[in-house]
Amino acid sequence: MKLSPRARVLLLTWLSYASYYLCRKNVSVSKTALQDVFHLGTDALGLIDTGYLAAYAIGQFTMGFLGDWLGPRRLVGVGMITAATLCAACAGAPGFWFIAVLFALNGFFQASGWPGNVKALTPWLEPAERGRVMGLWSTCYQVGGVLAGGLAGWLVRVNGWRSAFWIPAIAVAAVGAAVLLFLPERDAPAPARRSAVQRELLMMPALWSLGLGYFCLKLIRYSLLFWLPFYLERALHYGQEHASWQSLAFELGGTVGAVSVGFLSDGLLRGKRAGAGIGGCVALAFAFGIYVKVGHLGAWPNFLALALVGACLFGPDSIISAAAAQDLGGAEAASTAAGFINGLGSVGAVLQGALTAWVSRRYGWDALFTIFLVLSALAAVALIPMWLRERTRAAQGLASSGSV
């Protein structure tokens, strides 16, 4: 059956971003093995995360800008193949610094994924459907995280930690080649127009509001993404494979949250992305309060509480970084908007490695989850300017329609 161009874009971009996690989640699952093999402390493990995320943050700003000029097909395809090559090279690591440098470079090219794929989708979606379509599409990074974590955990147990780097890299390179060959693109605007739109976008307070909210959310998300298996093993004494599978509750819950908030923002909230984001962030603060109380009571209470945290985090996460970015950037500058919002978010994520290691070691893991509760509330506050802008625009629209 021949797919329409829109269906092909949806399928290829979903598959593309899901597969990026194959070359991202392997460090999280391999942390205990790396610690034992190379005799590393938690600070060194945190440094691998920090190097990756610093390069990823720089890459978001860079790739976001380039995506509106090069087009998503070349940006994503070349980015995936390069990231896969660097990830595979980690399998031959003779020591800590080799992995740290290669994984940081991998992070820079991984940054091609979000702005490039958001850019690819924007011309094919109407504004009134972006919330629900992007909510469904955003399941790519929950499903991708689940599959990547499960695969890496299995590979570490069966074939050793090195296989968790080179085997997934083959799949990522194959998807990158498919993107280069088959991803449809629509015409780009003239360079002068494109530059003007990018400059105007970067001056919008709404863009900064979204970026600051995402700063808080992404710090939380990447700490959980990179450290959950380690926390479950070291603090709650789960076995390595059990910890890997248990941590997947976070992304499974996130799938439900992303889809639900996307439909909510298009339907009940009529395109008010910030309102959906604020509600999700407030719910996330409550979810962390629950997790601190019940997470240590056993596998099932922990699993359910982690799923609740995931649902409350991935909902506002996906709406801010996808549909809201598309609304602001439009078809001409969606890559710039997505890269900027995700870039500011990634600056927050850079801090998580050192913060997680220091707080968990000095004050304990419950203290870290309490900090996440506070950051969730701050994310809601950061989105208030965007929410006020949406209310003003909605009021102006009603006044205009009433005068006709």
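Below is a short write-up of the structure. (Residues numbered from 1 in each chain as written. Predicted model: local features only at pLDDT ≥ 70, side-chain atom pairs only at ≥ 80, totals over all residues. Heavy atoms only, no water.)

1. Description of the overall build of the protein
Okay, so step 1: Each helix and strand in the protein was counted, giving 17 helices and zero strands.
Okay, so step 2: Radius of gyration (C-alpha) of the protein: 20 Å, near the 22 Å computed for a compact globule of 404 residues.
Okay, so step 3: Principal axes of the C-alpha set define a box for the protein whose edges measure 70 × 45 × 40 Å.
Okay, so step 4: A sequence separation of at least 24 residues applies to 86% of the contacts in the protein between residues at least 6 apart. (Helix = DSSP H or I, 4+ residues; strand = E, 2+ residues; numbered from the N terminus. Rg over C-alpha atoms; globule rule 2.2 N^0.38 Å. Contact = heavy atoms within 4.5 Å.)

2. Observations concerning the nonpolar core
Okay, so step 1: With 126 residues, the main nonpolar core has Tyr17, Trp161, Tyr222, Leu224 and Phe372 as its most contacted residues.
Okay, so step 2: No other element matches helix α15 (residues 299–362), which puts 23 residues into this core.
Okay, so step 3: Beyond its immediate sequence surroundings of up to four residues, Trp161 is in contact with Ser30, Ala33, Leu34, Val37, Phe38, Cys90, Ala93, Ile99 and Val156. (Core = buried A, V, L, I, M, F, W, Y, C linked by side-chain atoms within 4.5 Å. Buried < 20%, exposed > 50% of the residue type's maximum accessible area, 1.4 Å probe, protein only.)

3. Points about helix α9 (residues 163–182)
Okay, so step 1: In this model α9 runs 29 Å from its N-terminal to its C-terminal C-alpha over 20 residues, within 8% of the 28 Å that 1.5 Å per residue would give.
Okay, so step 2: Listing the buried residues of α9 in full gives Ser163, Ala164, Phe165, Pro168, Ala169, Val172, Val175, Gly176 and Val179.
Okay, so step 3: Buried residues belonging to α9 abut α1 (5–20), α2 (25–38), α4 (72–90), α5 (96–110) and α8 (139–159). (Expected span 1.5 Å × (residues − 1).)

4. Focus on helix α16 (residues 365–382)
Okay, so step 1: Compared with the 26 Å implied by 1.5 Å per residue over 18 residues, the 26 Å span of α16 between its first and last C-alpha is a close match.
Okay, so step 2: Buried within α16 are the following residues: Trp365, Leu368, Phe369, Phe372, Leu375, Ser376, Ala379, Ala380 and Ala382. Projected down its long axis, α16 carries its buried residues within an arc of 155°, all on one side. (Arc of directions from axis to C-beta.)

5. Overview of the pattern of salt bridges
For side chains of opposite charge, pairing can occur when their charged atoms come near one another.
Okay, so step 1: For the structure on display, the rule yields nine salt bridges.
Okay, so step 2: Connected through salt bridges with shared partners, the residues Arg130, Arg132, Asp266, Arg273 and Asp327 form a single ionic network. (Salt bridge = Lys/Arg side-chain N within 4 Å of Asp/Glu carboxyl O.)

6. Focus on the packing of aromatic side chains
Okay, so step 1: One pass over the structure, following the stated rule, counts 29 aromatic pairs.
Okay, so step 2: Here the aromatic rings of Tyr17 and Trp114 are separated by 5.0 Å at their centres, their planes lie at 70°, and the arrangement is edge-to-face. With a gap of 97 residues between them, Tyr17 in helix α1 and Trp114 in helix α6 (residues 113–121) connect regions that are remote in the sequence. A single burial state applies to Tyr17 and to Trp114, both of which are buried.
Okay, so step 3: Taken together, a centroid distance of 6.3 Å and an interplanar angle of 85° make the contact between Tyr17 and Tyr141 edge-to-face. Of this pair, Tyr17 sits in helix α1 while Tyr141 sits in helix α8; the two residues are 124 residues apart in sequence, bridging distant segments of the chain. For the residue pair Tyr17 and Tyr141, the accessibility class agrees, reading buried in each case.
Okay, so step 4: Ring pairing ties together the aromatic residues Tyr17, Tyr20, Tyr21, Trp114, Trp137, Tyr141, Phe250 and Phe314, which thus form one cluster.
Okay, so step 5: Here the guanidinium or amino end of Arg24 rests over the ring plane of Tyr21, the centre of that ring lying 4.5 Å away.
Okay, so step 6: Here the basic side chain of Lys31 rests over the ring of Trp227, its NZ or CZ set 4.7 Å away from the ring centre. (Phe/Tyr/Trp six-rings, centres within 6.5 Å; stacked < 30°, edge-to-face > 60°. Lys NZ or Arg CZ within 6 Å of the ring centre and 35° of its normal.)

7. Side note on the environment of Gly92
Okay, so step 1: Tracing the backbone through its elements, the reader meets Gly92 in the loop between α4 and α5.
Okay, so step 2: Assessed through its relative accessible area of 52%, Gly92 is described here as exposed.
Okay, so step 3: Sequence spacing of Gly92 and Tyr56 is 36 residues, and the spatial spacing of their C-alpha atoms is 22 Å.
Okay, so step 4: Beyond its immediate sequence surroundings of up to four residues, Gly92 is in contact with Phe98 and Arg162.

8. Some words on the side chain of Asn26
Okay, so step 1: Note that Asn26 resides in helix α2.
Okay, so step 2: Accessibility expressed as a relative area gives 1% for Asn26, which makes it buried.
Okay, so step 3: In this structure the side chain of Asn26 is engaged in a polar contact, spanning 3.1 Å, whose partner is the backbone oxygen of Ala164.
Okay, so step 4: Every residue in contact with Asn26, bar those within four places of it in the chain, is listed here: Cys87, Phe103, Ala152, Ala164 and Phe165. (Polar contact = N/O pair within 3.5 Å; in protein donor to acceptor, adjacent residues only side chain to side chain.)

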